[in-house]
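# Residue-level structure breakdown
What follows is each chain in one-letter form.
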Amino acid sequence: MDIALRNNLDKYISRLQEVARGSRSISLMALRKGSENRTAASKSATLFLAYCALTSLLRRIITSLAGPSCVAIIDVPETWQLADVVEAAKFIFKDQKQPRVVQHPRVKHRRGWEIDTAELLESKMLIVFVQEGSPVHEDFELAVTVRDRLSPCEPRHIRAISQLRGCGEISYDGAKVIAQQPSTRMEAIFRFGQPAQRAVSRLSQGNSRQPQKGKIRHVDISKGFGAASLWAMDLKKDIQEWREGRLAWAEVDKGCLLYGPTGTGKTRFAVALADACEMALEVGSIAQWQAFKDGDLGDMLQAMQQSFTAAKENAPSILFIDEFDSIGDRKKFPARHATYSTTVVNALLEALDGVEGHEGVVVVGACNDPEKVDSALVRNGRLETHIHFPMPDAASRNQILAFHLPSLADDPALKEIAGRLVENERR
């Protein structure tokens, strides 16, 4: 096995342990060290992938788990069996009294739920795994402290298990193909010493014979967005070269502020950008952070940190922050709100600086008025690229209409309609 990969994997999995040491309530987590981390990979590919996914998730909700008591509900995708995830959780918390881990029943029978919530809720720390889309016991709904979703089969984890089991290198696209498979197929894909890329080829051939259904059609970032389109295409090229090892991450533009009138498509553009660059998308906003839990300062800062942590965990990713001008400018805060608002700006500055040192995360902010944004947030090294997002001109409107009406893309009437849209809007 490649030594660099092994060392990086050990470092990644041990991060939760390092965080746990500094937490009073989580200090009991006896996570595996060194070669013991690879025990999961040796036992089964499914266990290893669930183990990695849980490690990432636990780091994200570590603050909530560290409280005096916690009930965490974790939604598990339909393609993964709850029993596999519970096994991974027990592997992580082996020989520990806390937290208590439970598999939630998929259905409620006529005689009621086949689970004793009263006895389970006596635990100071309880983690409940629920199949996504299934109903949840009313008592758990009332007692829940934090709820999150497990994201198994991250490409980096898939590539790691392939190396650990001697299955060879897997391309990034190949890892994405495997990520779409149910957990029951992982043992067939990652047989010891057998090339996983062969399974990828067979899966790809099978997919090509099946009609694609329900695929989301995003806007074309290369057309209709003016300067933003040029920046997006440059970013797409840079991300591809970075993935191939031909461009250092330090050379990638890691921060951009889109500004312009409401309704010009900044959010849709960010969604399409992530899809075009094949990057995960984490969406946050100042209002969303302020509405977290009770909305006090600590809650907002926690919500902000969770967004940045999720972006780092799912790298390569785009963290899209809407309503960026709502953060304000420290020079203009009213005296009665200065302490609160200044703390929020300082925390955001710290979070942005933290992203700078983490490969694979691009931060895109969106706002109506950039003059309201604190200058420190948009200086070099943070959101240094500023792109005006105006109402589309006639040529851009024509490109947008052609995207939504591809069968009429070459019809001269479409161009005429695009030219008259603003005129009609003024009437």
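Our subject in this report is the structure included herewith. Quick caveat, the model's predicted, so the values are computed rather than measured.

Strand order in this open sheet of four strands is 2-3-1-4, and the pairing throughout is parallel. Every interior strand has two partners, whereas the edge strands, strand 2 (100-103) and strand 4 (146-149), have only one. With strand direction ignored, the average angle separating the axes of adjacent strands in the sheet is 20 degrees. Strand contacts of helix 3 (residues 45-60): strand 1 (70-76), strand 3 (125-131) and strand 4, with the helix running at about 145 degrees to strand 4, the strand carrying the most contacts. Set on the sheet, helix 5 (residues 82-92) makes contact with strand 1, strand 2 and strand 3; between it and strand 3 the angle comes to about 155 degrees.

Working note: α-helix, 3.6 residues per turn, so residues spaced by three or four point in the same direction. Across its 17 residues, helix 12 (residues 227-243) extends 25 Å between first and last C-alpha, which sits within 8% of the 24 Å expected from 1.5 Å per residue. For helix 12, every residue scored as buried is listed here: Ala228, Ser229, Trp231, Ala232, Leu235, Asp238, Ile239, Glu241 and Trp242. Immediately beyond the C-terminal end of helix 12, within one or two residues, lies Gly245, with a positive phi of roughly 80 degrees.

To continue, consider the environment of Lys254. By the secondary structure assignment, Lys254 is in the loop between helix 12 and strand 5 (255-259). Judged by relative accessible area, which is 13%, Lys254 ranks as buried. With 130 residues separating them in the primary sequence, Lys254 and Glu384 have C-alpha atoms 8.6 Å apart. With residues near it in sequence (within four places) discarded, Lys254 still touches Trp249, Glu356, Val361, Val362 and Val363. A polar contact of 2.9 Å, which involves the side chain of Lys254, links it to the backbone oxygen of Val252.

Per the counting criterion, the structure on display carries five aromatic pairs. An aromatic cluster is defined as three or more aromatic residues linked by ring pairs; in this entry it consists of Phe225, Phe269 and Phe389. The ring centre of Phe192 lies 4.1 Å from the NZ or CZ of Arg165, which sits over that ring. Sitting over the face of the ring of Tyr172, Arg243 holds its NZ or CZ atom 4.1 Å from the ring centroid.

Quantified by volume, the second largest pocket comes out at close to 420 Å³. Looking at which element gives the most residues to the lining of the second largest pocket, the answer is helix 17 (residues 394-404), with six residues.

Glancing now at the packing of helix 3 against helix 5. Running from amino to carboxyl end, helix 3 crosses helix 5 at an angle of 65 degrees, the nearest separation of the two axes being 8 Å. Considering the angle they form, helix 3 stands roughly perpendicular to helix 5. Between helix 3 and helix 5 lies a crossing of right-handed hand. Mapping the contact onto sequence places Thr46, Leu47, Ala50, Tyr51, Leu54, Thr55 and Leu58 in helix 3 and Asp84, Val85, Glu87, Ala88, Ala89, Phe91 and Ile92 in helix 5. Counted by class, the contact of helix 3 with helix 5 contains ten nonpolar, two polar and two charged residues.

What follows concerns the pairing of strand 5. For strand 5, the buried fraction is high: four of the five residues fall into the buried class. Where strand 5 lies against strand 8 (residues 361-367), five bridges are found, and the strand directions are parallel. The residue of strand 8 that forms the bridge with Leu258 is Ala366. When strand 5 meets strand 9 (residues 385-388), the two strands line up parallel, connected through four bridges. Residue pairing in the sheet places Leu257 in a bridge with His386 of strand 9.

Looking now at the nonpolar core. Core analysis: the biggest nonpolar cluster contains 49 residues, and Phe129 and Phe190 have the highest contact counts within it. Ranked by the residues each element gives to this core, the list is headed by helix 3, at eleven residues. Setting aside chain neighbours within four positions, we find Phe129 in contact with Leu54, Ile74, Val76, Leu82, Val85, Val86, Ala89, Val101, Val102, Gln103 and His104. Of all hydrophobic cores here, the second largest spans 30 residues; its members include Leu257, Ala347, Cys367 and Leu377.

Conventions we followed
Residues numbered from 1 in each chain as written. Predicted model: local features only at pLDDT ≥ 70, side-chain atom pairs only at ≥ 80, totals over all residues. Heavy atoms only, no water. Pairing = 2+ DSSP bridges. Helix = DSSP H or I, 4+ residues; strand = E, 2+ residues; numbered from the N terminus. Axes fitted to C-alpha atoms, helices over the stretch in contact; angles between N-to-C directions. Contact = heavy atoms within 4.5 Å. Expected span 1.5 Å × (residues − 1). Buried < 20%, exposed > 50% of the residue type's maximum accessible area, 1.4 Å probe, protein only. Polar contact = N/O pair within 3.5 Å; in protein donor to acceptor, adjacent residues only side chain to side chain. Phe/Tyr/Trp six-rings, centres within 6.5 Å; stacked < 30°, edge-to-face > 60°. Lys NZ or Arg CZ within 6 Å of the ring centre and 35° of its normal. 1 Å grid on protein atoms, 1.4 Å probe; cavity = no way out; pocket = protein on both sides within 12 Å on 5 of 7 lines; lining within 4 Å. Points joined across faces, edges and corners; volume = space filled by probe spheres on them. Parallel < 35°, antiparallel > 145°, perpendicular 65-115°, else oblique. Left-handed = near helix turned anticlockwise from the far one by under 90°. Nonpolar A, V, L, I, M, F, W, Y, C, P; charged D, E, K, R; others polar. Core = buried A, V, L, I, M, F, W, Y, C linked by side-chain atoms within 4.5 Å.

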